[in-house]
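# Observations on the three-dimensional arrangement
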Amino acid sequence: MNHEREILLENIKSRQAKVAILGLGYVGLPLATVFADAGFSVIGIDPDERKVESILSGVSYIKDVPTEVLASYVKAGRFQATTDFSVLK
């Protein structure tokens, strides 16, 4: 196994890996909350400023993601949202 792969696997096991989700609709937002619930730091990226503002306010627009759950991840710093795709660097 190469060194970079070993580092990645260790970061996943220790929940130090950062997860990026592209698109925060009915698939992306629930997926992001699953990763946040598992202890990962998640950044969601979506070009729709209304979605990003809603998330940053801790308000869910997807019925399968309770507002209380989303708000807790945002407040804890485990879930961020942005329209800026350059954060992928």
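The structure under discussion appears in the preceding block.
Anyway, here's the lowdown on the structure attached to this text. Along each chain, residue indices are assigned from 1 in the same order as the chain's sequence is written. Reporting of local features is limited, given that this is a predicted model, to residues whose pLDDT is at least 70; pairs of side-chain atoms are given and counted only at 80 or more, and all residues count toward the totals for whole chains, interfaces and linings. Side-chain measures here rest on the full set of heavy atoms in the structure, leaving out hydrogens and waters.

Side chains of strand β1 (residues 18-22) alternate between two faces, with Val 19 and Ile 21 buried and Lys 18, Ala 20 and Leu 22 left unburied. Across five bridges, the pairing between β1 and strand β2 (residues 41-45) is parallel. Directly across from Leu 22, in β2, lies its bridge partner Ile 45. By the criterion used throughout, a crossover qualifies as right-handed when its path from the first strand across the helix to the second strand runs clockwise, the strands pointing away from the viewer. A run of H or I in DSSP counts as a helix once it spans at least four residues, and a run of E counts as a strand once it spans at least two, with each numbered from the N terminus. Taking the sense of rotation as the criterion, the β-α-β connection linking β1, helix α2 (residues 28-37) and β2 turns out right-handed. A 1.4 Å probe rolled over the protein chains alone gives each residue an accessible area, and that area as a share of the maximum for its type sets the label: buried under 20%, exposed over 50%, partly exposed in between. When DSSP finds at least two bridges between two strands, those strands are taken to pair.

Pairing of aromatic side chains here covers Phe, Tyr and the six-membered ring of Trp, requires ring centres within 6.5 Å, and sorts the geometry by plane angle: under 30 degrees stacked, over 60 edge-to-face, intermediate tilted. In this structure the tally under the stated criterion is one aromatic pair. Relative to Phe 40, the ring of Phe 35 has its centre 5.8 Å away and its plane inclined at 75°; by these criteria the two rings are edge-to-face. The exposure class of Phe 40 is buried, given its relative accessible area of 7%.

Among the residues of α2, those classed as buried are Gly 28, Leu 29, Pro 30, Ala 32, Thr 33 and Ala 36. Where α2 is buried, its residues touch β1, β2, α3 (49-56), α4 (67-75) and β3 (79-82). With its phi angle positive at about 100°, Gly 39 sits one or two positions after the end of α2. Note on contacts: a residue pair is in contact if any heavy atoms of the two residues lie within 4.5 Å.

To continue, consider the sheet that holds β2. Overall, parallel pairing links the three strands, which are arranged β1-β2-β3 in an open sheet. Lying at the two open borders of the sheet, with one neighbouring strand each, are β1 and β3. Here the average twist between neighbouring strands, direction ignored, is 20°. Axis lines are fitted through C-alpha atoms, for helices just across the contact stretch, and the angle between N-to-C directions can take any value from 0 to 180 degrees.

The next thing to look at is the nonpolar core. Here the nonpolar core consists of buried residues drawn from Ala, Val, Leu, Ile, Met, Phe, Trp, Tyr and Cys, with membership extended through side-chain atoms lying within 4.5 Å. In this structure, Ile 21, Leu 24, Leu 29, Val 42, Ile 55, Leu 70 and Phe 79 are the most contacted members of the largest nonpolar core, which totals 18 residues. The set of elements that each furnish at least two residues to this core consists of β1, α2, α3, α4 and β3. With sequence-adjacent residues up to four places away left out, Val 42 is seen in contact with Val 19, Ile 21, Ala 32, Phe 35, Ala 36, Arg 78, Phe 79 and Gln 80.

With that settled, the discussion passes to the environment of Phe 40. When you line up the elements, Phe 40 lands in the loop between α2 and β2. Separated by 31 residues in the primary sequence, Phe 40 and Leu 9 place their C-alpha atoms 13 Å from one another. With near-sequence residues (within four places) excluded, Phe 40 lies in contact with Ile 12, Arg 15, Ala 17, Val 19, Phe 35 and Arg 78.

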